[in-house]
Amino acid sequence: MQDAELCKELLQRILPELEIDHVEYPEAQKSIKTDVDAKSVRLDVYVRDGKGTVYDIEMQVADTMELPKRSRYYQSMIDLQMIDKGQHYKELKPSYIIFICSFDLFEKGRHVYTFKNICEEDNSLPLEDGTVKLFLNAAGSQDDVSKELKAFLDYVAGKESEDDFVKRLDEAVREARKNREWRHEYMTLLMRDQENIEKGMEKGMRKGMEKGKIEGRAEEIIETGFEFGLSESDILARLQNKLDISLQAAQEYLFRFGKQTI
């Protein structure tokens, strides 16, 4: 993505409705930190087009269960870089946070998930704050993107392609791997991704253990309730109170474990 033409063409494939004249690199591997106590961020690819619109492109190989919140933080940090003290808010330019994922974050089979702020009471009313978040999914199954973008996502997924852009991109990757400085950067990113994978696994394990404990407790409450002759409504109430769960969740537990008890 340090090749401006490759970066521009990729953005144009992701956002075909935009007319991107050219891209500029304000800073390679841009780091942003507002003050000593603030959490800093290091953006993978941070570029601007000829109109001042900012694009942050991130590669993600593991679901760390925090991408939506991370996209929110990245967007806010980028906004802080756009205007200085004394400038008006209207001078904020549009910004796009783009995560290119090798997995389906939302498990809907789509290749692209685009999020903009709209009014919940009237979906035809956009906030028009100029912020957009996109999550690309290389593992998508729907026929919902152009063949050009599909070719790129297939490349991310490890599939070969005859697409001209993909071929040029692959050649750029091969050349970059020969560069010692790039190899160091690649290993740094690889270590970061490995840490993210491990964090995701740890969170998944903790979540699974917590879920197992809750299920075990629910089964115990249901069994005890039937042993003492409580009605289903009483058992549901105990499940809600003891486990601090919704009525729907309590009903699901009763359906799963109640039949066996009965």
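Heads up: the structure comes first, above all this text.
Residues numbered from 1 in each chain as written. Predicted model: local features only at pLDDT ≥ 70, side-chain atom pairs only at ≥ 80, totals over all residues. Heavy atoms only, no water.

Here the focus is the packing of helix H1 (residues 4-14) against helix H4 (residues 164-176). Axis separation between H1 and H4 bottoms out at 11 Å; the angle between their running directions is 140°. Classified by the angle between their axes, H1 and H4 sit oblique to one another. Seen from above, H1 lies across H4 with left-handed handedness. Where H1 approaches H4, its residues Leu6, Glu9, Leu10 and Arg13 are matched on the opposing element by Phe165, Arg168, Leu169 and Ala172. (Axes fitted to C-alpha atoms, helices over the stretch in contact; angles between N-to-C directions. Helix = DSSP H or I, 4+ residues; strand = E, 2+ residues; numbered from the N terminus. Parallel < 35°, antiparallel > 145°, perpendicular 65-115°, else oblique. Left-handed = near helix turned anticlockwise from the far one by under 90°. Contact = heavy atoms within 4.5 Å.)

On to the pattern of salt bridges, then. Under the defined criterion, the tally for this structure stands at 11 salt bridges. Note that Arg168 is salt-bridged to Asp164, the shortest N-O span being 3.1 Å. Within this pair, Arg168 and its partner Asp164 are both found in helix H4, separated by 4 residues, close to a single helical turn. With its nearest N and O atoms 2.8 Å apart, the salt bridge here joins Asp170 to Arg174. Linking Asp170 with Arg174, this pair stays in helix H4, spanning 4 residues, or about one helical turn. Relative accessible area serves as the criterion here: at 22%, Asp170 is assigned to the partly exposed category. Each member of the salt-bridge network shares a partner with another, and the members are Glu9, Arg13, Asp163, Asp164 and Arg168. (Salt bridge = Lys/Arg side-chain N within 4 Å of Asp/Glu carboxyl O. Buried < 20%, exposed > 50% of the residue type's maximum accessible area, 1.4 Å probe, protein only.)

The next thing to look at is the packing of aromatic side chains. How two aromatic rings sit relative to each other is set out by the distance from centre to centre and by the angle between their planes. According to the stated counting rule, one finds 9 aromatic pairs in the structure shown. Ring centres of Phe115 and Phe135 lie 5.9 Å apart, and the angle between their planes is 80°; on these two criteria the pair is classed as edge-to-face. Here the residue Phe115 occupies a position in strand S7 (residues 112-115), and Phe135 occupies one in strand S8 (residues 131-137), the gap between them amounting to 20 residues. Judged by its relative accessible area of 4%, Phe135 is buried. Taken together, a centroid distance of 6.4 Å and an interplanar angle of 50° make the contact between Phe152 and Phe165 tilted. Taken together, the residues span a long stretch of sequence, with Phe152 in helix H3 (residues 147-156) and Phe165 in helix H4 at a distance of 13 residues. Three or more aromatic residues link up through ring pairs in this structure, and these residues are Tyr74, Phe99, Phe106, Tyr113, Phe115 and Phe135. (Phe/Tyr/Trp six-rings, centres within 6.5 Å; stacked < 30°, edge-to-face > 60°.)

The values are spatial; any link to function lies outside them.
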